[in-house]
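# Fold and contact review
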Amino acid sequence: MAAEPDGSDGQPPVPSLSWSDCQGGFECANADVPLDYRDPQGRTITLAVIRKKAPDQAKKKGTLFLQPGGPGNSGVDFVRNNYAGLPAAMRDSFDVFGYDVRGVGRSSALTCWDDQTYTQAVTAAKGVPGPDAYEPAVRQAAEFGQACLDNAGELAPYVGTEYVARDIDLLRQALGEDQLTYYGRSFGSYIGTVYAALFPERVRALALDGGYDPENYANRPYAYDRPQYLALDGAMSRFLDWCEADQDTCGFGDGDPRGAFEKLKADLDANPVPTANGGQANGYTLVYRLMFNINEGKVIWPSLGGALRKAQLRDNTSFLLRPPSPASYDFLNPNVAVECVDKDYPRDPALLKRQVTRNAELAPLLGPAMAYGPPTYDHQHATTCVQWPGEKPSRYDGSFRAKGSAPILVLGTTGDPDTPYRDAVALSRQLDNGRLLTFKAEGHTAFGRSACATAAVTGYLVDLKVPARGTTCTDETQPPSATPKVAPPGTTLGELRNGVNERLDHLGSLR
């Protein structure tokens, strides 16, 4: 292995990791990396990292990087919360490693709006915005962007994904790995894509689950946003179709679940439900929670039906009536900021209005609340990003071919409400050496939700067995006959156990 750069040649020095016990058999450390890679020996930012070592170090094959979705989720928590659920072959073959990317969690968390400001914004938002909602949404988005500049201006330009990928390469070297072995889900798939584009020869195995169309995401973001609106509304539509077909199990809608859902949004807007902590839940609260909880797939459908019925009855124990909390804001602040740095929206106000208005029209179930709501999640960022006030030196704009890399596995779920299947197909085609695995199912991502997909990912990461072209998995857990009290195989039902889904990524427990 070549000598590690120490900074004397103009390259960024490789961080030195001093590991210490951090409970449960995990070790934690801090890694100093350049704040701005244009000045590789200048100011640094400290990243929090975690690992759990393979039980037999003599037999391990290296280090497996795990990267959660987001942007905004903690990689430290992702490893700690999901390690026990990994297949034994992974835990035996690798030291399992994760870290909080710059601007997230323990790595200088980026804050634009404070908790009070965010709470005021989401409390005032509507599930059924009125005809004059567009202009206030644009003004509010500008206020958010200015708050990022005011409160996180020294950090915000440097949270883009090119710099995140460069951090990973320094961490790879710090761990003594010649090549990278990596599983990334959702936004973690885009981080892996950029890494492969920058360092194709350093790829051992990359599994990209819930793949992004990287060209659209970075360079044609309106073309990226619309399919996400459509995918989310499509998933909600299929759930309501199931409700209509199986009223006894769903328990919501009295024969017309679509009509009942539209009425419920409006009723909650007009007369919000008081919450246990003194807040209130309205139609926007309902839409926000559905946006994340529907990611669980068909297994969650009876629970969604029951929670919607509770909302009809104004029962504030419904997990769909839990307003966004500080844990949500810790995720949402960097989620908006990172994507505004990553994406290149045309700065044309007329185009912005046409696109946002059309997205709301095409996705009538959940789209209007997102399109005209405060800055929160993914496909709703256009109003903020078009007006983004800062520079973007850490943005990556291509190419995304990763020419010369080892085979890269891309996973796409056909009914994914968060990362549309078409994006995984596009990514597999843009990569010079991509291989697509299809999971025919509802819900977000495939690993841990499908025994078939989990086995394929495990065989690929551990033994470099690339699935055959055209491999398709069809083993989605079907809706149970009633709201489940415990997690069915392959799921964790975190939103039921915790009472709310704060968009904390988790894997299933298939082994």
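Residues numbered from 1 in each chain as written. Predicted model: local features only at pLDDT ≥ 70, side-chain atom pairs only at ≥ 80, totals over all residues. Heavy atoms only, no water.

Secondary structure summary: the protein contains 19 helices and twelve strands in total. Over its C-alpha atoms the protein spans a radius of gyration of 22 Å, differing by no more than 12% from the 24 Å that the globule rule assigns to 511 residues. Counting across all 511 residues of the protein, residues that qualify as buried make up 61%. Counting only contacts in the protein whose residues sit at least 6 apart along the sequence, the fraction spanning at least 24 positions is 78%. In the structure as shown, the protein presents an accessible area of about 18500 Å², 48% of it carried by carbon and sulfur atoms. (Helix = DSSP H or I, 4+ residues; strand = E, 2+ residues; numbered from the N terminus. Rg over C-alpha atoms; globule rule 2.2 N^0.38 Å. Buried < 20%, exposed > 50% of the residue type's maximum accessible area, 1.4 Å probe, protein only. Contact = heavy atoms within 4.5 Å. Areas by Shrake-Rupley, 256 points an atom, 1.4 Å probe, with all protein chains shown as cover.)

Let's shift gears to the pattern of salt bridges. Considering all chains together, one arrives at 24 salt bridges under this definition. Of the charged contacts, one joins lysine 61 and aspartate 463 as a salt bridge, the two residues approaching to 2.7 Å between their closest N and O atoms. Of this pair, lysine 61 sits in the loop between strand S3 (44-52) and strand S4 (62-67) while aspartate 463 sits in helix H18 (residues 451-463), and the two are 402 residues apart along the sequence. Overall, aspartate 463 belongs to the partly exposed group, its relative accessible area being 40%. With a shortest N-O distance of 4.0 Å, arginine 395 and aspartate 344 are connected by a salt bridge. Here aspartate 344 lies in the loop between helix H13 (326-342) and helix H14 (349-362) and arginine 395 lies in the loop between helix H16 (382-385) and strand S10 (408-415), a separation of 51 residues in the sequence. (Salt bridge = Lys/Arg side-chain N within 4 Å of Asp/Glu carboxyl O.)

This part is about the sheet that holds strand S2 (residues 27-34). Taken in spatial order, the ten strands line up as S1-S2-S3-S5-S4-S6-S7-S10-S11-S12 in an open sheet, and their pairing is mixed. Where the open sheet ends on each side, the last strands, each with one partner, are strand S1 (20-21) and strand S12 (472-473). In terms of strand pairing, S1 meets S2 through two bridges, oriented antiparallel. Pairing of aspartate 21 across the sheet is with glutamate 27, part of S2. Across the sheet, helix H17 (residues 421-430) touches strand S7 (203-209), S10 and strand S11 (434-442), and the angle it forms with S10 is around 155°. (Pairing = 2+ DSSP bridges. Axes fitted to C-alpha atoms, helices over the stretch in contact; angles between N-to-C directions.)

Another aspect to go through is the side chain of threonine 458. Within the secondary structure, threonine 458 is located in helix H18. Threonine 458 sits in the buried class, given a relative accessible area of 11%. A polar side-chain atom of threonine 458 sits 2.7 Å from the main-chain carbonyl oxygen of threonine 454. What threonine 458 contacts, discounting residues up to four positions off in sequence, is Pro87, Ala89, Met90, Phe447 and Asp463. (Polar contact = N/O pair within 3.5 Å; in protein donor to acceptor, adjacent residues only side chain to side chain.)

Further remarks concern the state of the cysteines. Per the stated rule, a full pass over the model turns up five disulfides. Bridging cysteine 22 to cysteine 28, the disulfide has an S-S length of 2.2 Å. Handedness here is read from the sign of the S-S torsion; for cysteine 22 and cysteine 28, about 75°, the answer is right-handed. The burial state of cysteine 22 is the same as that of cysteine 28; both residues are buried. At a sulfur-sulfur separation of 2.0 Å, the disulfide partner of cysteine 452 is cysteine 473. As the torsion about the S-S bond is roughly -65°, the cysteine 452-cysteine 473 disulfide counts as left-handed. Of the two residues, cysteine 452 sits in helix H18 while cysteine 473 sits in strand S12, which places them 21 residues apart along the sequence. With relative accessibility at 30%, the residue cysteine 452 sits in the partly exposed group. Once the disulfide-bonded cysteines of the protein are ranked by sequence position, their pairing pattern turns out to be 1-2, 3-4, 5-6, 7-8, 9-10. (Disulfide = S-S within 2.5 Å.)

Before going further, it helps to examine the confidence of the model for the protein. The predicted model of the protein averages 93 in pLDDT, with 92% of residues at 70 or higher. Scored below 50 in pLDDT, residues 489-501 makes 44 contacts in the model with residues more than four places away or belonging to other chains. (pLDDT = per-residue confidence, 0-100.)

The biggest cluster of nonpolar side chains holds 127 residues, and the ones touching the most others in it are Phe239 and Leu286. With ten residues, the single largest contributor to this core is helix H8 (residues 221-245). If near-sequence neighbours (up to four positions away) are discounted, phenylalanine 239 is found in contact with Cys250, Ile294, Trp301, Leu304, Gly305 and Leu308. Core analysis: the next-biggest nonpolar cluster, separate from the first, contains 32 residues, Ile50, Ala207, Ala446 and Ala453 among them. (Core = buried A, V, L, I, M, F, W, Y, C linked by side-chain atoms within 4.5 Å.)

Here the focus is unusual backbone geometry. Along the chain, glycine 70 connects to proline 71 via a cis peptide bond; the corresponding omega equals 0°. Examined against the element boundaries, proline 71 turns out to sit in the loop between S4 and helix H1 (75-82). Phi at alanine 402 is positive, roughly 55°, even though this residue is not glycine. Here alanine 402 shows up in the loop between H16 and S10. Overall, alanine 402 belongs to the buried group, its relative accessible area being 3%.

For helix H4 (residues 134-152), built from 19 residues, the straight-helix expectation of 27 Å at 1.5 Å per residue is met to within 8% by its first-to-last C-alpha distance of 27 Å. For H4, every residue scored as buried is listed here: Tyr134, Ala137, Val138, Ala141, Phe144, Gly145, Ala147, Cys148 and Ala152. Where the residues of H4 are buried, they touch helix H3 (115-124), H13, H14 and H16. (Expected span 1.5 Å × (residues − 1).)

Take the packing of aromatic side chains next. Taken as a whole and assessed by the stated rule, the structure comprises 29 aromatic pairs. Consider the rings of phenylalanine 65 and phenylalanine 97, whose centres lie 4.7 Å apart with planes at 55°: the pair is tilted. With phenylalanine 65 in strand S4 and phenylalanine 97 in strand S5 (residues 94-99), the pair connects residues that are 32 residues apart, well separated along the chain. In this structure, phenylalanine 65 and phenylalanine 97 share a single accessibility class: buried. Within the aromatic cluster, the residues linked to one another by ring pairs are Phe187, Tyr190, Tyr212, Tyr217, Tyr224, Tyr396 and Phe400. Against the face of phenylalanine 26 rests lysine 52, its NZ or CZ located 4.9 Å from the ring centre. (Phe/Tyr/Trp six-rings, centres within 6.5 Å; stacked < 30°, edge-to-face > 60°. Lys NZ or Arg CZ within 6 Å of the ring centre and 35° of its normal.)

Relative to the 20 Å expected for 14 residues at 1.5 Å per residue, helix H5 (residues 161-174) spans 20 Å between its end C-alpha atoms, a close match to the ideal helical length. In terms of burial, H5 is largely enclosed, as twelve of its 14 residues are buried. Taken together, the buried positions of H5 are Thr161, Glu162, Tyr163, Val164, Ala165, Asp167, Ile168, Asp169, Leu170, Leu171, Arg172 and Gln173.

With that settled, consider the pairing of S10. A large share of S10 lies buried, amounting to seven of its eight residues. Where S7 and S10 come together, four bridges link them in parallel fashion. The residue bridging leucine 208 from the neighbouring strand is valine 410, located in S10. Taken together, the seven bridges between S10 and S11 define a ladder with parallel strand orientation. Pairing of isoleucine 408 across the sheet is with glycine 434, part of S11.

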